[in-house]
Amino acid sequence: MRFEELSMAVENGDAPTAVELTQGLVDADTDALEILEGGLVPAMDVIGQRFSEGEIYVPEMLIAARAMKACLGILQPLLARYDSTKRGTVVLGTVKGDIHDIGKNIVGIMMEGSGFEVHDLGTDVDADRFILAIEELQPDIIGLSALLTTTMPNMKTIIEALVEASLRDRVVVMVGGAPLTQEYADSIGADAYAPDAASATERAKSLLGVA
Ligand code: B1M
């Protein structure tokens, strides 16, 4: 099965093979979301597991992430099947202290493909940068991503800073990332939680009433 070979190539950090296999799947008309969910995301889960078990270290995790990003480059135009209906503006960022960006990038690609204007502030983004972006860009939604249990609380800090700056009522706050749950989102006063990029996009549309 090609997905297994692809996962293996990403796990091994073998970007040239991973890219070749991804391109082969695309050429064979395999759905881009299936390639992502069947081959690439599982590889990252295996890498995370191996890291937890002390079998690999940060450099191997980084090399695998690079291979995944190279494949994502091929899938990006296909995931972003462009829908020209303007649905709203989203400011996205991975919160302060956190440099994981693959999931956040996928959320951005899929939202853009659904007609949202997406401004990606990148990683390690603090409350002040979100506040500046809200003032400048007047987004409908701000999307916060966190992959570390140690950086999840920074989402709460950002929401508190929005209250302090009297901006909380001007934006919908959506949160996501592997360690997040609906309960956690509720506990920090977020408006929405989404477990993956496809549901983040659907949730964004329904929150703005533009589904
Ligand atoms: Co890191 N890392 N990492 N890492 N890393 C994890 C997250 C970890 C779970 C691995 C493990 O131990 N099993 C663990 C966290 C443990 C914890 O907090 N409980 C961990 C750790 C410990 C660390 C370091 C601390 C390691 C160290 O230095 N000792 C360090 C921290 C650096 C920092 O941020 N300050 C670190 C570093 C790195 C790399 C730089 C090497 C690399 C990141 C490269 C990059 O992103 N550019 C990396 C990687 C690759 C991972 C794993 C293996 C994969 C993450 C990933 O890309 N997943 C990860 C293990 C894992 O998650 N299984 C791990 C694929 C991606 C598509 O999924 O990001 O979950 P995800 O996104 C999904 C959903 O969550 C959701 O939609 C996405 C797509 O469907 N989603 C949203 C995400 N954001 C959303 C926002 C939304 C809505 C949905 O609304 C706005």
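Below you will find a few notes about this structure. Everything numeric in this text was worked out from a predicted model, so none of it was measured.

Let us now look at the overall build of the chain. The number of helices and strands found in the chain is nine helices and five strands. Helices and strands in the chain line up, N terminus first, as α-α-α-α-β-α-β-α-β-α-β-α-β-α. For a compact globule of 211 residues, the expected C-alpha radius of gyration is about 17 Å, and the chain comes in at 17 Å, within 12% of that figure. Summarising its shape, the C-alpha atoms of the chain cover approximately 50 × 40 × 25 Å along the three principal directions. Buried positions account for 46% of the 211 residues belonging to the chain. Within the chain, contacts between residues separated by at least 24 positions form 71% of all contacts whose residues are at least 6 apart in sequence. Approximately 10300 Å² of the chain is accessible, and the part contributed by carbon and sulfur atoms is 53%. Charged side chains of the chain number 15 positive and 34 negative; the gap between the two group centres comes to 5 Å.

Around a metal, the perfect tetrahedron of four donors has angles of 109.5 degrees, and the perfect octahedron of six donors has angles of 90 or 180 degrees. No protein donor other than His100 (NE2) coordinates the cobalt atom of the ligand, and that contact is at 2.2 Å. Within the secondary structure, His100 is located in the loop between β1 (88–94) and α5 (102–113).

This brings us to the site of the ligand. Neighbouring residues of the ligand: 37 residues in total, closest Ser52, Ile99, His100, Asp101 and Ser145. Here His100 contributes a side-chain N or O atom positioned 2.8 Å from a nitrogen atom of the ligand. Between the ligand and Ala178, the relevant distance is 3.2 Å, taken from an oxygen atom to a main-chain nitrogen or oxygen of the residue. Elements represented by at least two residues in the shell around the ligand include exactly α3 (32–52), α4 (58–79), α5, β3 (141–145), β4 (172–176) and α9 (197–207).

Counting buried residues along β1, seven of its seven residues qualify, which places the element largely inside the surrounding structure. The alternating pattern of β1 places Gly88, Val90, Leu92 and Thr94 on one face and Thr89, Val91 and Gly93 on the opposite face, and all of these are buried. Here five bridges tie β1 to strand β2 (residues 116–120), and the two strands are oriented parallel to one another. Residue pairing across strands places Gly88 opposite Phe116, the latter belonging to β2. Once you follow β1 into α5 and on to β2, the crossover reads as right-handed. Both β1 and β3 contribute to a ladder of five bridges, which runs parallel. Across the sheet, Val91 pairs through a bridge with Ile142, a residue of β3.

Strand order across the open sheet formed by five strands is β2-β1-β3-β4-β5, with parallel pairing between neighbours. Only two strands of the sheet have a single neighbouring strand rather than two, namely β2 and β5 (192–193). The pairing of β4 with β5 spans two bridges and is parallel. If you follow Val175 over to β5, its bridge partner there is Tyr193. Packed onto the sheet, α5 meets β1, β2, β3 and β4 and runs at close to 155° relative to β2.

Basis of the calculations
Residues numbered from 1 in each chain as written. Predicted model: local features only at pLDDT ≥ 70, side-chain atom pairs only at ≥ 80, totals over all residues. Heavy atoms only, no water. Helix = DSSP H or I, 4+ residues; strand = E, 2+ residues; numbered from the N terminus. Rg over C-alpha atoms; globule rule 2.2 N^0.38 Å. Buried < 20%, exposed > 50% of the residue type's maximum accessible area, 1.4 Å probe, protein only. Contact = heavy atoms within 4.5 Å. Areas by Shrake-Rupley, 256 points an atom, 1.4 Å probe, with all protein chains shown as cover. Lys, Arg positive; Asp, Glu negative; His and termini not counted. Charge placed at Lys NZ, Arg CZ, Asp CG, Glu CD. Donors = N, O, S within 2.8 Å, 3.2 Å for Na, K, Ca; no water. Near = heavy atom within 4 Å. Polar contact = N/O pair within 3.5 Å; in protein donor to acceptor, adjacent residues only side chain to side chain. Pairing = 2+ DSSP bridges. Right-handed = clockwise from strand over helix to strand, strands pointing away. Axes fitted to C-alpha atoms, helices over the stretch in contact; angles between N-to-C directions.

The analysis is restricted to geometry; functional conclusions fall outside its scope.
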